[in-house]
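Residue-level listing of the chains:
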Amino acid sequence: METSEKYPAKQIVRAASHALVARSAGIVARGLRDLVRDSNWFSKRIFSGHSSRGAISAAGQVCALSPVTGLGTERLAIYDMELSVSPLALTLPEDGGTGAPGNPAAFAWSPTARHLAAAWGGWLPKVHVFDLHRKAPCAAFADYSNFPASLGWSGGGNHFAAASLGGSAARLRLWESAKSANGEPAFPAKPKAELGAAECSRWPEWQEGGAIDGAAPADEPVDGDAVAGFSRAAFSPDEDTLATVIEIEGEWADDSIALLEVPTLRKQSVFHAQGHVTDLAWTCTSGELIFCSAGQASRLSAETMEPVPLPFGAELCACHPHLPLCLCFSSWLKNSAKGQLFLADLSTLKVFDECAAEGVVDLRWSLDGSKAYAISSDGLAYIYEPALF
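## Brief notes about the overall build of the protein
Secondary structure summary: the protein contains three helices and 30 strands in total. The buried share of the protein, taken over its 389 residues, is 49%. Taking the contacts inside the protein whose residues are at least 6 apart along the sequence as the reference set, 46% of them involve residues at least 24 apart. Of the accessible surface of the protein, which amounts to about 19000 Å², a share of 53% is contributed by carbon and sulfur atoms.

Rendered as structure tokens:
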């Protein structure tokens, strides 16, 4: 028995249009924006004052430490780089949401941008996790005595790493993440694995003076006191390897990059760089690292540990999630006081879509790779969005 209603031929029938309207509105907005710009970059100020730390999510949100006008205090807040919405202050039940200026801060966004892990000198010494859907804290773990130099979530959200400086007390710790019944991340009190700076100083590469295949030989062995600790850390896209910067004390010291097995943190390889390593990022294939040291960008094969200098300088880098592209920032340009944001094709090694910028503190691609974001210390947001037409 037929239950559907029959309509006469050629009759116009009203259909649900909400989804189509929503998609069309986005395309129209993009089209109007494309008509009035002559660059794939556009910028807007999202907060005033100065913030030395900022972290961008894959959805274009920024967590930054910024001053509270007229109060002489600071707060942690979430800003949206594209939407004109009020910032969301991050607060815990036991604090007022502001603190004295100068407190350290470290942030890490979950891959989907729903959760933010944050440590701040104005809170108890733990990593606090916030649910941005509920706009509330949902977990606290990773007690620390040395403030984290960096925090990081793996691309699949299955692992979390916290790195700290502090000489012999420095630690790199890794947790495995589980999900509770309501979808919140759950971390055990104790890490799955832990690595100390003293353990690194006993590795054969340093005991023998740093001579390993494909790496520059060190001038002298590195002792335990010379290792300042762990700074930057990044999980490979396949979540099998964690790359971390082992920072060496001294203004002119040469840092190292260690590749560690996940989740055991067992050493796989060590590379001795030239100068301080300021950033590193995995390419989308998990086979190579792009790293920045002493203002120079280089490519490092995870298999051979053979470094290849790239034909451009950079202090910050972020690799595209699916393509051989890298977003970079260099704070110094020849014959110019300004820095530059740019994209580099890692296949052809050509630089394109450059944009003058200053004081950039973080870079990020969107989850689908259709946009790229950068944030400066004075609250200027940069968005890279190729034109539709």
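Now that the structure is up, let's keep going.
## A closer look at the layout of surface pockets
There is about 1500 Å³ of room inside the largest pocket. Looking at the lining of the largest pocket, the elements that each hand over two or more residues are strand S2 (54-56), strand S6 (105-109), strand S10 (148-153), strand S16 (227-235), strand S20 (277-282), strand S24 (316-319) and strand S28 (360-365). Here the lining of the largest pocket is built from residues that sort into 30 nonpolar, 13 polar and six charged.

## Quick word on the sheet that holds S6
Strand order in the open sheet formed by four strands is S6-S7-S8-S9, with antiparallel pairing between adjacent strands. Two strands close off the open sheet at either side, each with one partner strand: S6 and strand S9 (136-141). Put simply, the sheet's adjacent strands are angled 25° from each other on average, direction ignored. Sheet topology note: the strand S8 (residues 127-131)/S9 ladder contains five bridges and is antiparallel. Counted as the bridge partner of Val-127 is Phe-141 from S9.

## Remarks on the pattern of salt bridges
With the rule as written, the count across this model stands at eleven salt bridges. Close ionic contact of Arg-114 with Glu-184 constitutes a salt bridge, the shortest N to O distance being 3.9 Å. On the criterion of sequence distance, the pair formed by Arg-114 in the loop between S6 and strand S7 (115-120) and Glu-184 in the loop between strand S13 (178-179) and strand S14 (185-186) is long-range, its members being 70 residues apart. Here Arg-114 falls in the partly exposed class, since its relative accessible area comes to 22%. The network of salt bridges with shared partners includes Arg-114, Asp-131, Arg-134 and Glu-184.

## Comments concerning the environment of Asp-362
Here Asp-362 is to be found in strand S28. When residues no more than four places from it in sequence are discounted, the contact partners of Asp-362 are Gly-54, Ala-55, Ile-56, Leu-316, Tyr-373, Ala-374 and Ile-375. A polar contact of 2.8 Å, which involves the side chain of Asp-362, links it to the backbone nitrogen of Ile-56.

## Some details on the pairing of strand S23 (residues 307-313)
Summarising the sheet, strand S22 (residues 296-301) and S23 pair through four bridges and their orientation is antiparallel. Bridging from a neighbouring strand, Arg-299 pairs with Val-308 of S23. Connecting the antiparallel pair S22 and S23 is a turn made up of five residues, with Met-305 showing a positive phi of about 55°.

## Focus on the sheet that holds strand S21 (residues 288-293)
Strand order in this open sheet of four strands is S20-S21-S22-S23, and the pairing throughout is antiparallel. For this open sheet the edge positions go to S20 and S23, each flanked by a neighbour on one side alone. The sheet shows a mean angle of 25° between the axes of neighbouring strands, direction not considered. Direction of pairing for S21 relative to S22: antiparallel, over a ladder of six bridges. Its bridge partner lying in S22, Ile-290 is registered against Arg-299.

About the thresholds
Residues numbered from 1 in each chain as written. Predicted model: local features only at pLDDT ≥ 70, side-chain atom pairs only at ≥ 80, totals over all residues. Heavy atoms only, no water. Helix = DSSP H or I, 4+ residues; strand = E, 2+ residues; numbered from the N terminus. Buried < 20%, exposed > 50% of the residue type's maximum accessible area, 1.4 Å probe, protein only. Contact = heavy atoms within 4.5 Å. Areas by Shrake-Rupley, 256 points an atom, 1.4 Å probe, with all protein chains shown as cover. 1 Å grid on protein atoms, 1.4 Å probe; cavity = no way out; pocket = protein on both sides within 12 Å on 5 of 7 lines; lining within 4 Å. Points joined across faces, edges and corners; volume = space filled by probe spheres on them. Nonpolar A, V, L, I, M, F, W, Y, C, P; charged D, E, K, R; others polar. Pairing = 2+ DSSP bridges. Axes fitted to C-alpha atoms, helices over the stretch in contact; angles between N-to-C directions. Salt bridge = Lys/Arg side-chain N within 4 Å of Asp/Glu carboxyl O. Polar contact = N/O pair within 3.5 Å; in protein donor to acceptor, adjacent residues only side chain to side chain.

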